[in-house]
Amino acid sequence: QQQQQHHQRLPEGSSQQPEQRPTSPQQQAQLRRQVQPEERTTVMLRNLPKRVDRSKLIEIMEREGFENCYDFVYVPFDFRRREPQGYAFVNLTTPAHAQRFFEHFDGFDRFPEPTGRICSTGWSDPHQGLEANVQRYRNSPLMHKLVPDSYRPAIYDEGRRVPFPPPTRKIKEPRQGTERMLV
């Protein structure tokens with residue numbers, strides 16, 4: 001059975017309008033229905049060691065046999081502590097890669113440094129696929145020039161980092177409430 005590729009490439013400088021965030025439970029449910037379970041490609045990794053940032057996660061993924069199988073990686077950072085928050089979002093290039101990744105990393109504990117942590121996996125909801133993730137983050141304060149590159153989501157093409165599509169509106173500085181972050 002031949003696997004159909006779901007790899008979505010974005011042209012440099014893509015100026016597509018950002019997707020509207022669902023505001024009501026009905027809109028959220030509609031968005032979830034748009035991606036069938038057999039089409040899912042975005043996996044959430046939970047319970048990662050605090051020292052696993054984006055570059056370390058990519059090293060682990062490639063060591064575990066997933067090189068060139070991903071096109072989006074985001075490891076959220078705690079801006080106050082300046083460390084990863086212990087979870088990540090990874091979009092795989094095909095549903096078959098995603099299913100294999102999901103199963104491989106559920107229960108994973110072979111981190112470079114022993115930590116006692118055991119990774120668990122889940123499907124990202126509601127953002128599934130490269131395009132949905134790019135649209136989710138391209139106008140986010142995470143993409144502001146003050147935010148260090150290692151804190152930001154990144155996209156890849158066959159294992160090589162490629163530029164994130166530019167924002168479609170002015171990016172605001174990251175804030176938590178009224179407090180400016182990274183100042």
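Structural notes, computed from the coordinates. Just so you know, these numbers come straight off a predicted model, no measurement behind them.

1. A closer look at the packing of aromatic side chains
Any two aromatic rings considered together are summarised by their centre-to-centre distance and by the angle between their planes. In the structure shown here, the tally under the stated rule is 12 aromatic pairs. With 4.9 Å between their ring centres and 55° between their planes, Phe 105 and Phe 108 make a pair best called tilted.

2. As for the sheet that holds strand β6 (residues 120-123)
Strand order across the open sheet formed by six strands is β6-β1-β5-β2-β7-β8, with antiparallel pairing between neighbours. Every other strand in the sheet has two partners, leaving β6 and β8 (160-162) as the edge strands with one partner each. Neighbouring strand axes in the sheet, compared pairwise and without regard to direction, differ in orientation by 30° on average. When strand β2 (residues 70-74) meets strand β5 (residues 87-92), the two strands line up antiparallel, connected through four bridges. Paired with Val 73 across the two strands is Val 90, which belongs to β5. Where helix α2 (residues 54-63) meets the sheet, it contacts β1 (42-46), β2, β5, β7 (154-157) and β8, and its direction lies at approximately 140° from that of β2. Against the sheet, helix α3 (residues 95-105) contacts β1, β5 and β6, and its axis sits at roughly 150° relative to β6.

3. Structural notes on α2
Within the span of α2, buried status applies to Arg 54, Leu 57, Ile 58, Ile 60 and Met 61. Projected down its long axis, α2 carries its buried residues within an arc of 160°, all on one side. In this structure, the buried residues of α2 make contact with β1, β2, β5, α3, β7 and β8. Downstream of α2 by a residue or two, Gly 65 has a phi angle that is positive, lying close to 95°.

Cut-offs applied
Residues numbered from 1 in each chain as written. Predicted model: local features only at pLDDT ≥ 70, side-chain atom pairs only at ≥ 80, totals over all residues. Heavy atoms only, no water. Phe/Tyr/Trp six-rings, centres within 6.5 Å; stacked < 30°, edge-to-face > 60°. Pairing = 2+ DSSP bridges. Helix = DSSP H or I, 4+ residues; strand = E, 2+ residues; numbered from the N terminus. Axes fitted to C-alpha atoms, helices over the stretch in contact; angles between N-to-C directions. Contact = heavy atoms within 4.5 Å. Buried < 20%, exposed > 50% of the residue type's maximum accessible area, 1.4 Å probe, protein only. Arc of directions from axis to C-beta.

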